[in-house]
Amino acid sequence: MKHLPVLSRELIEGLAIFPGGLYLDGTVGFGGHTQLILGAAPNVKVVAIDQDEQALAYCQTFLASYSSQLQFWHGNLADYHPPNLQFNGIIADLGVSSVQLDTPERGFSFRYPANLDMRMNQQQPLTAAEIVNHWEEVKLANIFYTYGEERLSRRIARKIVESRPFETTTELAEAIAHCVPRKYRYGRIHPATRVFQALRIEVNHELAALETFLENAPKWLKPGGRVGIISFHSLEDRLVKHALRGSSVLQVLTKKPIQPQDNEVAVNPRARSAKLRLAEKLS
């Protein structure tokens, strides 16, 4: 599995990792950032969280040489409650990983025909198929507008309701492409991109989980401990920005978000929309 952690140098520098420190990776994914944290100083320990069992199973093998310094927890970062632990640093790399996007059967991407799934935690009952095929038109339009910032949300929702049921990602993407104006159809991004983002956010309750995590994270930090959060779209970044600025116990370290250098984007085009914000807990 090939997964390139984004903004890794900037994140590791920003965390100011020191020997014997305890760190929390709220979205360990396929282990890239956790590996760098563990390797940044001697005797570092990490609690690694993810709701994707496939990711955790991969990490247990990938990070086997660090097993004595690692503790895994399966679940949503919003549901985690550390048992009397205080961390020297907390990170979260939000959104969907390259591996998830490149695994057709997960249904996150319309580049391959696959079931409309999109669940990060495959134990949960709600799937994208349930939403697309059974939810009412007004509710669909609201999701597409709110979570996808899709201007043509009503038109697309109407088309979906008229054309359903849909079985695969590609069927849905084609229906969306055929109901939008021609100039929109051949624009910079595929016309289904925002709808797929919105569905994924809704299926996984991503923004609600992020809000809960942002509320909890400062309480879990030791004085002088740092939090670093990487977001990939404006909805996430807005929540992160306001939560860090609005906290009475945090000092923001990034007036503007840190974005990838051109050389990183050249190697990993998916990094181009990433934004890193850092804050430190006041002593």
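From a predicted model like this one, the values you see are computed outputs, not experimental measurements.

Visitor: I keep staring at the layout of surface pockets and nothing clicks. Help me out?
Guide: Rolling a probe over the atoms, with the probe sized like a water molecule, indicates the empty space that remains. Estimated volume of the second largest pocket: approximately 170 Å³. Every residue lining the second largest pocket is listed: E137, V138, A141, N142, Y145, R151, L152, S153, R154, R155 and R158. Mapped by element, the contributors of at least two residues to the lining of the second largest pocket are α6 (137–148) and α7 (153–163). Top contributing element to the lining of the second largest pocket by residue count: α6, with five residues. The class makeup of the residues in the lining of the second largest pocket is four nonpolar, two polar and five charged.

Visitor: Explain the sheet that holds strand β4 (residues 87–93) here, please?
Guide: Consider a sheet: its strands pair through backbone hydrogen bonds, and that pairing is either parallel or antiparallel. As summarised here, the arrangement of the seven strands in space is β3-β2-β1-β4-β5-β7-β6, forming an open sheet in which the pairing is mixed. This sheet does not close on itself; its edge strands, each paired only once, are β3 (70–74) and β6 (250–252). Pairwise comparison of adjacent strand axes, ignoring direction, gives a mean angle of 20° for this sheet. In terms of strand pairing, β4 meets strand β5 (residues 221–231) through six bridges, oriented parallel.

Visitor: Teacher, can you tell me more about the side chain of S231 here?
Guide: Its location among the elements puts S231 in strand β5. Here S231 falls in the buried class, since its relative accessible area comes to 2%.

Visitor: Explain the pairing of strand β1 (residues 22–25) here, please?
Guide: Residues in a regular strand project their side chains so that they alternate between the two faces of the sheet. The alternating pattern of β1 places L22 and L24 and Y23 and D25 on opposite faces, both of which are buried. Between β1 and its parallel partner strand β2 (residues 45–50), the chain crosses via helix α2 (residues 32–40), and the hand of that crossover is right-handed. Taken together, the three bridges between β1 and β4 define a ladder with parallel strand orientation. Across the sheet, the residue bridging to Y23 is G89, located in β4.

Visitor: Looking at this structure, how should I read the packing of aromatic side chains?
Guide: Between two aromatic rings, the relevant description is the distance of the centres plus the angle of the planes. In the structure shown here, the tally under the stated rule is six aromatic pairs. Ring plane angle 75° and centroid distance 4.9 Å describe the contact between F110 and F196, whose orientation is recorded as edge-to-face. Highlighted residues: F110 in the loop between α4 (98–101) and α5 (128–134) and F196 in helix α10 (residues 193–204), separated in sequence by 86 residues. By relative accessible area, F196 is classed as buried at 4%. An aromatic cluster is defined as three or more aromatic residues linked by ring pairs; in this entry it consists of W73, Y80, F213 and W220. In this arrangement the basic side chain of K139 is found over the ring face of W135, its NZ or CZ atom lying 4.0 Å from the centre.

Visitor: Explain α7 to me, please; I cannot follow it from the model alone.
Guide: Structural remark: α-helix, 3.6 residues per turn; residues separated by three or four positions point the same way. For α7, the full list of buried residues reads S153, I156, A157 and I160. Down the axis of α7, the buried side of the element spans an arc of 100°, and every buried residue falls inside it. In α7, the exposed residues that point more than 90 degrees away from the buried face are R154 and E162. Tucked into the core, α7 has its buried residues touching α5, α6, α8 (169–179) and α10.

Visitor: Explain the packing of α7 against α8 here, please?
Guide: In helix packing, the relevant descriptors are the interaxial angle and the interaxial distance, both defined with respect to the helix axes. It is the contact of α7 with α8, at a shortest axis distance of 9 Å, that shows an interaxial angle of 125°. Classified by the angle between their axes, α7 and α8 sit oblique to one another. Considering the relative orientation of α7 and α8, their crossing is right-handed. Contacts from R155, I156, K159 and I160 in α7 reach L172, A175, I176 and C179 in α8. Its residues assigned to classes, the contact of α7 with α8 comprises six nonpolar, no polar and two charged.

Visitor: In this structure, what is going on with the side chain of K281? I would like to understand it.
Guide: Position of K281 among the secondary structure elements: in strand β7 (residues 275–281). In this structure K281 is buried but unpaired, with E280 as the nearest side chain of opposite charge at 12 Å. A polar atom in the side chain of K281 sits 2.8 Å from the backbone oxygen of P218.

Visitor: It is not clear to me how the nonpolar core should be interpreted in this structure. Could you clarify?
Guide: Note on soluble globular proteins: their nonpolar side chains tend to be buried together. By size, the foremost hydrophobic cluster in this structure holds 33 residues, and its most contacted members are I131, F144, I156, I160, L172 and L199. When sequence neighbours within four positions are dropped, the list of residues in contact with L172 reads L116, V132, I160, F166, F196 and L199.

What counts, and at which threshold
Per chain, the residues get numbers from 1 upward, laid out in the order the sequence is written. In keeping with the predicted nature of the model, local features appear solely for residues at pLDDT of at least 70, side-chain atom pairs appear and are counted solely at 80 or more, and the whole-chain, interface and lining totals rest on all residues. The side-chain figures draw on all heavy atoms in the structure; neither hydrogens nor water molecules are used. Note on definitions: the grid is 1 Å and covers protein atoms alone; a cavity is a set of points where a 1.4 Å probe fits but cannot get out; a pocket is an open set with protein on both sides within 12 Å along at least five of seven lines; lining residues have an atom within 4 Å of a point. Grid points are joined across faces, edges and corners, and a volume is the space filled by probe spheres set on the points. Secondary structure is summarised from DSSP: a helix means a run of H or I of at least four residues, a strand means a run of E of at least two, and numbering begins at the N terminus for each. Gly is placed with the polar residues, together with every amino acid not listed as nonpolar (Ala, Val, Leu, Ile, Met, Phe, Trp, Tyr, Cys and Pro) or charged (Asp, Glu, Lys and Arg). In this description, strands pair whenever DSSP reports at least two bridges between them. Axis definition: a line fit to C-alpha positions, over the contact stretch in the case of helices; interaxial angles, taken between N-to-C directions, run 0 to 180 degrees. Burial classes: relative accessible area under 20% of the type maximum marks a residue as buried, over 50% as exposed, and values in between as partly exposed (1.4 Å probe, protein chains only). Handedness of a crossover is defined as follows: with both strands directed away from the viewer, a clockwise route from the first strand across the helix to the second makes it right-handed. Put simply, two rings from Phe, Tyr or Trp (the six-membered ring, in Trp's case) pair if the centres are within 6.5 Å, and we call them stacked under 30 degrees between planes, edge-to-face over 60, tilted for the rest. For a lysine, the NZ atom is tested; for an arginine, the CZ atom; a charge sits over a ring if that atom is within 6 Å of the ring centre and within 35 degrees of the ring normal. What the arc measures is the spread of directions leading from the helix axis to the C-beta atoms. Any pair of residues with heavy atoms lying within 4.5 Å of one another is described as a contacting pair. Orientation is classified from the angle alone, with under 35 degrees giving roughly parallel, over 145 giving roughly antiparallel, 65 to 115 giving roughly perpendicular, and any other angle giving oblique. Crossings are sorted by hand: turned counterclockwise from the far helix by less than a right angle, the near helix makes the crossing left-handed, and turned clockwise it makes it right-handed. For this count, His and the chain ends are skipped, Lys and Arg are scored as positive, and Asp and Glu as negative. Here, a salt bridge means any side-chain nitrogen of Lys or Arg that lies within 4 Å of a carboxyl oxygen of Asp or Glu. In protein, a polar contact requires one atom able to donate a hydrogen and another able to accept it; more generally it is a pair of N or O atoms within 3.5 Å, and residues adjacent in sequence count only if both atoms are side-chain atoms. Definition used in this section: a nonpolar core is a set of buried Ala, Val, Leu, Ile, Met, Phe, Trp, Tyr and Cys residues joined via side-chain atoms within 4.5 Å.

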